[in-house]
Amino acid sequence: MIEDAHYGSAVDQSKFDNLLSDAEKPLYPGCKKFTKLSAIIRLFNLKAKHGWSDTSCSELLIFLNDLLPEKNEMPLSFYEVIKTICTLGMEYKKIHACPNDCMLYHKEFSNLKSCPTFGESRWKKKRNGVDVKEGVPAKVLWYIPPIPRFIQLFKNAKHAKSLSWHANERIDDDKLRHPADTLQWKRVNMKWPSFGNEPRNIRLGLATDGFNPYSSLSSKHSSWPVMLVIYNLPPWLCMKRKFTLLTLLISGPKQPGNNIDVYLAPLIDDLKILWDEGVKVYDAYRKEEFNLRAILLWTINDFPAYGNLSGYSVKGYKACPICEEQTCSEYLKHSRKVCYMGHRRFLKDTHKLRTWTKAFNGKQEFRNAPEALYGTQVLEKMSKIVFKLRKSSVCASKKRKGRGKSKVMEEPKSLYKKKSIFFDLEYWEHMVVRHNLDVMHIEKNVCDSLIGTLLNIPGKSKDGIKARKDLVEMKMREKLAPKIMKNRTYLPPACYTLTKDEKKEICTCLFNMKVPDGFCSNISSLVNIQTCSLSGMKSHDCHILMQHVLPVAIRSVLPKTIREIITRLCLFFKSLCAKVVDMSNLQELQDEISYILCKFEQFFLLGFMP
């Protein structure tokens, strides 16, 4: 068993005594509302909430010292505040990293001054190539260990009680309301009963994505936060800001890509300790000490980050991580992209759409749906791969200018680019679901494509001359082939093509929409009735449009078949995102989305299917 002092959560006795003294010492003589410690924590929370700079906070402290009575205990600088806060054991670590993303200056490499692989200096350089004085690292990983925060959560009696909510207060009626109702959670309890018998053991979810902290000042900058979500808590607390743990912050300006495993290593080390040995924790609610363990259930990301974390290549002909070699894909010559079809395989064996030919690719479909591989099978495939962690720009060879015909795009030798670092966790290969896709990202992508195509928004529509030429190339839907009339290219209207009046009717409906406060953003500010377009939609705007607004906006336009299939897609997302999902209806939802995708493949163009 590992003592929590190993992680900096327990401090030496003198510092702890000073902390207790600050918790009881009045802020100034006669003050009954604040102690020195409570005032410091309140100030620190305000700084974090409103984004104050360290300098402004120090100046505020100087002003408060002048404002308060003499002999007050308010610190004179923000540096003193930080020293007090760190005494609580909630510190962070700055780990230097190679700018080529190939290693961390951590553990046995902590004293190195240059990268052993490429010889890159650990420190920043000036433009003329002269090293800056040591102390200015070229790249930094900010690591906030999760173990001290788990320890602090259990020291709060209210939080300690909430962390066992899933076992004591959850409704168990075969309905999907909470991650504890999933097969993954139940499998963990069955396979590792010693872990499942302790309800206070923590189940975690991991999420990461890139963001630009500089807004429009640097559009290419990408920093990556890695967050953990505690699933032991009730649904109304799981996603609260105070319980979402930021563990890693990977600085930019470029995204880590497949080399993200380098930066995940410190977190994986702590997760190993939490699984193998555990940490001694005091439970303030039950007033007892116990051995806390934790398990990572899955990750939740968008599709590109899915590929970076899982190690699977999510681009090209075999981009589906479930179908793998059996992925149905076609390269569209004119659109210069790969489209994915073959959704009829996922229908029931006796479904009538399997025998249709003209409405699809001219062939009948009798193949069965591919089955996802188990974790042990994936690990076996990954173990055969030799992957070197490095930035692609370092080792990329210069492209030669070809004079002949372009070569045919070759498929990669292996569909897996690396062995994911998550397989270093003992339990990872036994998980039924290891990586999940964020439904909000999917809704946004589908909504942008659907709205852009229906309103024919330039740059967002999936219909155009190139898409129609691809139909001609594949000998599908001859009626939609582009025609040349009077030196102009004319595109025959498709079944989803709207007139100008119908487009204005949809935009007017969205512009006049009234919703309760906090339901969504002001949709009318995103609509341009003159140009019949929508712009600036965020993920939550697309979420509201798909699940609530779009079926109403198109109720008087489009043919019945198209309107019905779009409405069914919106209802599918609504059922999938419901607060309570009936487990017995999951197979029906699977059959429903398979049918919807087949109908979209039938009515819309090939490039619409992302």
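Residues numbered from 1 in each chain as written. Predicted model: local features only at pLDDT ≥ 70, side-chain atom pairs only at ≥ 80, totals over all residues. Heavy atoms only, no water.

Q: Would you explain the pairing of strand E2 (residues 140–143) in this entry?
A: Consecutive residues of a regular strand have side chains that alternate between opposite faces of the sheet. Of the pairings in the sheet, the one linking strand E1 (residues 93–96) to E2 comprises four bridges and is antiparallel in character. Residue Ile95 lies in a different strand from E2, and its bridge partner there is Leu141. In terms of strand pairing, E2 meets strand E6 (residues 244–250) through three bridges, oriented antiparallel. Its bridge partner lying in E6, Trp142 is registered against Leu249. (Pairing = 2+ DSSP bridges. Helix = DSSP H or I, 4+ residues; strand = E, 2+ residues; numbered from the N terminus.)

Q: Sorry if this is basic, but what is going on with unusual backbone geometry here?
A: The phi torsion of most residues other than glycine is negative, and most of the peptide bonds are trans. Each neighbour pair has its own omega, and for Gly252 with Pro253 the value is 5°, a cis peptide bond. Looking at the secondary structure, you find Pro253 in the loop between E6 and helix H11 (260–276). In this structure, Arg336 takes a positive phi of about 60° despite not being glycine. When you line up the elements, Arg336 lands in the loop between strand E10 (329–332) and strand E11 (337–340).

Q: Help me understand the sheet that holds E2, please; the structure alone is not making it clear to me.
A: In any sheet, the strands associate via hydrogen bonds between backbone groups, in a parallel or an antiparallel arrangement. As summarised here, the arrangement of the seven strands in space is E1-E2-E6-E5-E4-E9-E12, forming an open sheet in which the pairing is mixed. Here the strands that pair on one side only, and so sit at the sheet edges, are E1 and strand E12 (435–437). Shown here is a sheet whose adjacent strand axes are inclined to one another by a mean of 25°, direction ignored. As judged from the six bridges shared by strand E5 (residues 224–230) and E6, these two strands associate in the antiparallel manner. (Axes fitted to C-alpha atoms, helices over the stretch in contact; angles between N-to-C directions.)

Q: Mind showing me how you'd approach the confidence of the model for the protein chain here?
A: Scored by pLDDT, the protein chain comes out at a mean of 86, with 90% of its residues at no less than 70. Across residues 395–409 the pLDDT falls below 50, and counting only partners more than four positions away or on other chains, this stretch makes four contacts in the model. (pLDDT = per-residue confidence, 0-100. Contact = heavy atoms within 4.5 Å.)

Q: What exactly am I supposed to notice about helix H16 (residues 465–473) here?
A: In an α-helix, one full turn covers 3.6 residues, which means residues spaced three or four apart are oriented alike. Within the span of H16, buried status applies to Ala467, Arg468, Asp470 and Leu471. On an axial view of H16, the arc spanned by its buried residues comes to 150°, and they lie on one face. Looking at the buried residues of H16, the elements they touch are E10. Once H16 ends, the next one or two residues include Lys475, with phi positive near 55°. (Buried < 20%, exposed > 50% of the residue type's maximum accessible area, 1.4 Å probe, protein only. Arc of directions from axis to C-beta.)

Q: Can you help me understand the environment of Arg568 in this one?
A: When you line up the elements, Arg568 lands in helix H19 (residues 560–576). We classify Arg568 as partly exposed; its relative accessible area is 24%. If sequence neighbours within four positions are ignored, Arg568 has contacts with Glu592, Tyr595 and Ile596.

Q: Could you clarify how one ought to interpret the packing of helix H18 (residues 539–553) against H19 in this entry?
A: Look at H18 against H19: their axes get within 8 Å of each other, and the N-to-C directions meet at 155°. It follows that H18 is roughly antiparallel to H19 by the angle criterion. The two elements H18 and H19 cross, and the hand of that crossing is left-handed. Across the interface between the two elements, Met546, Gln547, His548, Leu550 and Pro551 of H18 pack against Ile566, Thr567, Leu569, Cys570, Phe573 and Lys574 of H19. Its residues placed into classes, the contact of H18 with H19 shows seven nonpolar, three polar and one charged. (Parallel < 35°, antiparallel > 145°, perpendicular 65-115°, else oblique. Left-handed = near helix turned anticlockwise from the far one by under 90°. Nonpolar A, V, L, I, M, F, W, Y, C, P; charged D, E, K, R; others polar.)

Q: What is the right way to look at the nonpolar core in this model?
A: Nonpolar side chains in soluble globular proteins tend to end up buried together. Counting residues in each nonpolar core, the largest one holds 69 residues, and the members touching the most others are Leu296 and Phe422. Tallying contributions element by element places H11 first for this core, with nine residues. Excluding residues that lie within four positions of it along the chain, Leu296 makes contacts with Leu204, Gly205, Leu206, Leu228, Leu271, Phe422, Leu425, Tyr427, Trp428 and Met431. Counting 53 residues, the second-largest nonpolar core is a separate cluster that includes Leu455, Ala553, Val557 and Phe600. (Core = buried A, V, L, I, M, F, W, Y, C linked by side-chain atoms within 4.5 Å.)

Q: Looking at this structure, I do not really get a nonpolar patch on the surface. What am I missing?
A: Residues Phe303, Leu437 and Ile442 make up a contiguous nonpolar surface patch of roughly 220 Å² in combined accessible area. By secondary structure assignment, the location of Phe303 is in helix H12 (residues 303–310). (Patch = residues over 30% accessible without salt bridge, like charges linked within 9 Å, V, L, I, M, F, W, Y side chains within 5 Å. Areas by Shrake-Rupley, 256 points an atom, 1.4 Å probe, with all protein chains shown as cover. Salt bridge = Lys/Arg side-chain N within 4 Å of Asp/Glu carboxyl O.)

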